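# Examining the three-dimensional arrangement
Here is what each chain is made of, one letter per residue.
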Amino acid sequence: MRPRPPVKGRGIFSGTGLVITALAATAAALLYPLWSYADRQGPVGADVLSAQTVTTPYGPLSTQDRDFITKVRLAGLWELPAGELAEQKGTTAAVRTAGQHLVDGHTSLDAHVRTVATQLGVPLPNEPNDQQKQWLATLGAAKGQDFDRRFAAILRLAHGRVFALVAQVRAGTQNSLVRDLADDANATVLDHIKVLEATGYVDFAALARDLAASPTPVPSPPAVAPSAVVPVVPSAGESYSLPPAAASPPPATVSP
């Protein structure tokens, strides 16, 4: 009996077999990266995510929120002493009044940020960063009208940079405590911007150039537990009768 010839179109190399083989290869190609990714990332990815945004009774707390809280604290650590220098060394009433606003505003704002940091468990620095220390040294060495100009220029630039950050945080934070702190910071920073501009020493063209330039990153000083943070308070013996934003100082006349 003769063997039957093979029937065309059957077996793994037939049309149907080729389609099935191609589908199986495609599925393997798609699944392998997922298995590989899971093996590499697994719990590590979850840990990174939880480290960036954490859950609190007041809403999610993001990395940007924590950075904002730290920056509010840092602002008080150097701007309050800068305000005291202006009260002591300013040659015009407008400069001295601006200094008084800085002292009053950051005394209040620092109490607020320390309370928020305690409630959210965010560590805070206890000293200014390197650039802020340099600004204080510059103001401490300046005298006369040179001090007035440097005070207005440095403080107005710093407030202009933080003002944009406050708006960004206020617009996007999901945390109610951070939202309230941003409201307080917004009112305080805007008040300080106004009184600094009212000194008559702000060079707006130079300010615009400096704000447009990318700021040099400056590392923050070591952080401590919220309970170990030292309050920012005015020097003893000073009196501060004018509350923040209660009035605007008269514009100073600057000789060319």
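The preceding data block contains the structure.
Residues numbered from 1 in each chain as written. Predicted model: local features only at pLDDT ≥ 70, side-chain atom pairs only at ≥ 80, totals over all residues. Heavy atoms only, no water.

### What about the overall build of the protein?
- Per the secondary structure count, the protein includes 7 helices and 2 strands.
- In the protein, the order of α-helices and β-strands from amino to carboxyl end is α-α-α-β-α-α-α-α-β.
- Considering only residue pairs separated by 6 or more positions, the protein has 82% of its internal contacts joining residues 24 or more positions apart.
- In the structure as shown, the protein presents an accessible area of about 14,500 Å², 60% of it carried by carbon and sulfur atoms. (Helix = DSSP H or I, 4+ residues; strand = E, 2+ residues; numbered from the N terminus. Contact = heavy atoms within 4.5 Å. Areas by Shrake-Rupley, 256 points an atom, 1.4 Å probe, with all protein chains shown as cover.)

### Topic: empty space enclosed by the protein
- All chains considered together, the criterion is met by 1 cavity of 30 Å³ or more.
- Roughly 60 Å³ of internal volume is contained in the largest cavity.
- Lining the largest cavity are Phe68, Lys71, Val72, Ala75, Glu79, His106, Leu109, His159, Val162, Val166, Ala185 and Val189.
- Of all elements in the fold, only helix H2 (63-89), helix H3 (93-120), helix H5 (144-172) and helix H6 (176-197) reach the threshold of two or more residues within the lining of the largest cavity.
- At 5 residues, the largest contribution of residues to the lining of the largest cavity is made by H2.
- Tallied by class, residues from the lining of the largest cavity come to 8 nonpolar, 2 polar and 2 charged. (1 Å grid on protein atoms, 1.4 Å probe; cavity = no way out; pocket = protein on both sides within 12 Å on 5 of 7 lines; lining within 4 Å. Points joined across faces, edges and corners; volume = space filled by probe spheres on them. Nonpolar A, V, L, I, M, F, W, Y, C, P; charged D, E, K, R; others polar.)

### A word on helix H4 (residues 130-141)
- Over its 12 residues, H4 runs 17 Å from end to end, which matches the ideal 16 Å to within 8%, given 1.5 Å per residue.
- Sitting at the head of H4, Asn129 places a side-chain oxygen 3.2 Å from the backbone nitrogen of Gln131. (Expected span 1.5 Å × (residues − 1). Polar contact = N/O pair within 3.5 Å; in protein donor to acceptor, adjacent residues only side chain to side chain.)

### Thoughts on H6
- Along its 22 residues, H6 runs 32 Å from first to last C-alpha, staying within 8% of the 32 Å computed at 1.5 Å per residue.
- Of all the positions in H6, only Leu177, Val178, Leu181, Ala182, Ala185, Thr188, Val189, Asp191, His192, Ile193, Val195 and Leu196 are classed as buried.
- The elements touched by buried residues of H6 are H2, H3 and H5.
- Sitting at the head of H6, Asn175 places a side-chain oxygen 3.0 Å from the backbone nitrogen of Leu177. (Buried < 20%, exposed > 50% of the residue type's maximum accessible area, 1.4 Å probe, protein only.)

### Points about the side chain of Thr97
- Of note, Thr97 is situated in helix H3.
- Residue Thr97 is classed as buried on the basis of its relative accessible area of 18%.
- A distance of 2.8 Å separates a polar side-chain atom of Thr97 from the backbone oxygen of Ala93.

### Concerning the pattern of salt bridges
- In the structure shown here, the tally under the stated rule is 7 salt bridges.
- Between Arg170 and Asp183 there is a salt bridge, with its nearest N and O atoms 2.6 Å apart. A residue pair is termed long-range when its members are at least 10 positions apart, and Arg170 in helix H5 and Asp183 in helix H6 qualify at 13 residues.
- Through salt bridges with shared partners, a single network forms among Arg73, Asp110 and Arg114. (Salt bridge = Lys/Arg side-chain N within 4 Å of Asp/Glu carboxyl O.)

### Let's talk about the packing of H5 against H6
- In contact at an axis separation of 9 Å, H5 and H6 are set at 150 degrees when each is read in the N-to-C sense. In this view, H5 runs roughly antiparallel relative to H6, as classed from their interaxial angle. The handedness of the crossing between H5 and H6 comes out as left-handed. Mapping the contact onto sequence places Phe151, Ala152, Leu155, Arg156, His159, Val162, Phe163, Val166, Val169 and Arg170 in H5 and Val178, Arg179, Ala182, Asp183, Ala185, Asn186, Val189, Leu190, His192, Ile193, Leu196 and Glu197 in H6.
- Its residues placed into classes, the contact of H5 with H6 shows 14 nonpolar, 3 polar and 5 charged. (Axes fitted to C-alpha atoms, helices over the stretch in contact; angles between N-to-C directions. Parallel < 35°, antiparallel > 145°, perpendicular 65-115°, else oblique. Left-handed = near helix turned anticlockwise from the far one by under 90°.)

Fair warning: the whole summary comes from geometry, so function is off the table for now.
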